[in-house]
Amino acid sequence: MDLTNNVIIHKNIDGTEFIQFRKLLEYTNIKHCYTLKRNGINIQTKNGDKTELISSFKKIANVLNIDYKSIIKPYQTHTDKVEKVESSEEIFEEVDGLITNKNNIMLCTTSADCTSLIIYDDVKKVVCDVHSGWRGTVKKIAKKAIKKMIDEYGCNPKDIITCIGPSIRKCHFEVDEDVMRIFKDKFNYTGRINEIIEKGRVINGLQKFNIDTTLIIKISLEEVGIRKENIFDCGICTVCNKDLFHSYRADKENSGRNGAFIGMF
């Protein structure tokens, strides 16, 4: 199955599959991708064992023509914390977003249904990589990442390109009333709550709700000054395409992790 559309290109190099955003391919100093799971790509440490993680890093580094040791990945815990990176040897714990203006550093965040954002400012030469699960989305980590780019590097949000990777979409992000209430209370002010939340199935007498976290992220980005035309959404649901992407909703504890990568080289 070819996922190529007007926003992304689906590539297969030496058996390693990934997608790239057409907009970011316009910048020759940028290297980036979002991984598919086939051919053993799993950006995950299992029980302290980094064998599969390192193997996947090497495959991605090979197709992007970089040193795999330039890749830096934080220990994500669904926070709203975004940190500045000065060296690929740094360690970041309880961090879900990274930014840098340094060359030869490949930022990486991982997900299995959560939203990955890969972000670039070509004027200030700054890259950003964000993991936004539903908790991070409620905390507006995407908006905070842009603010971090502004505060640390003087970025103008009007110059920032933001790309939204594959994630669980409204069709499959089904929640109970308690989680729905969190989203309703947090985002009712937008005036778009009927677009964000829809009534779903009734299971065993309990009403379910479907939440559009992608729309929330887009609203949050526009609130901080990102131009609508500079937000590029791949439009792919990881659950609908669970044969191609790691999906926790589909595979539970057996799920691996997809990787979002961006760096300047």
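Computed from a predicted structure; not experimentally measured.

A. Up close: the overall build of the protein chain. In terms of helices and strands, the protein chain carries seven helices and 15 strands. Rg of the C-alpha trace for the protein chain: 18 Å, near the compact-globule value of 18 Å for 265 residues, within the 12% margin. The buried share of the protein chain, reckoned over its 265 residues, is 54%. Of the contacts made within the protein chain by residues no fewer than 6 positions apart, 63% connect residues no fewer than 24 positions apart. Roughly 11900 Å² of accessible area belongs to the protein chain as shown, and the carbon and sulfur atoms make up 44% of that amount. Side chains of the protein chain give 41 positive and 37 negative charges; the mean places of these two sets differ by 2 Å.

B. Broad picture of the pattern of salt bridges. Within the structure shown, the criterion is met by 21 salt bridges. Residue Glu86 pairs with Lys84 through a salt bridge whose shortest N-O separation is 3.8 Å. Among the residues examined, Glu86 registers a relative accessible area of 39% and is labelled partly exposed. The residue Lys140 makes a salt bridge to Glu223 at a minimum N-O spacing of 3.3 Å. Residue Lys140 is located in the loop between helix 2 (134–138) and helix 3 (141–153), and its partner Glu223 is located in helix 6 (residues 213–223); the two are separated by 83 residues in the primary sequence. Look at the salt bridges and you will find they share partners, linking Lys84, Glu86, Lys102, Lys148 and Glu152 into a network.

Rules behind the numbers
- Residues numbered from 1 in each chain as written.
- Predicted model: local features only at pLDDT ≥ 70, side-chain atom pairs only at ≥ 80, totals over all residues.
- Heavy atoms only, no water.
- Helix = DSSP H or I, 4+ residues; strand = E, 2+ residues; numbered from the N terminus.
- Rg over C-alpha atoms; globule rule 2.2 N^0.38 Å.
- Buried < 20%, exposed > 50% of the residue type's maximum accessible area, 1.4 Å probe, protein only.
- Contact = heavy atoms within 4.5 Å.
- Areas by Shrake-Rupley, 256 points an atom, 1.4 Å probe, with all protein chains shown as cover.
- Lys, Arg positive; Asp, Glu negative; His and termini not counted.
- Charge placed at Lys NZ, Arg CZ, Asp CG, Glu CD.
- Salt bridge = Lys/Arg side-chain N within 4 Å of Asp/Glu carboxyl O.

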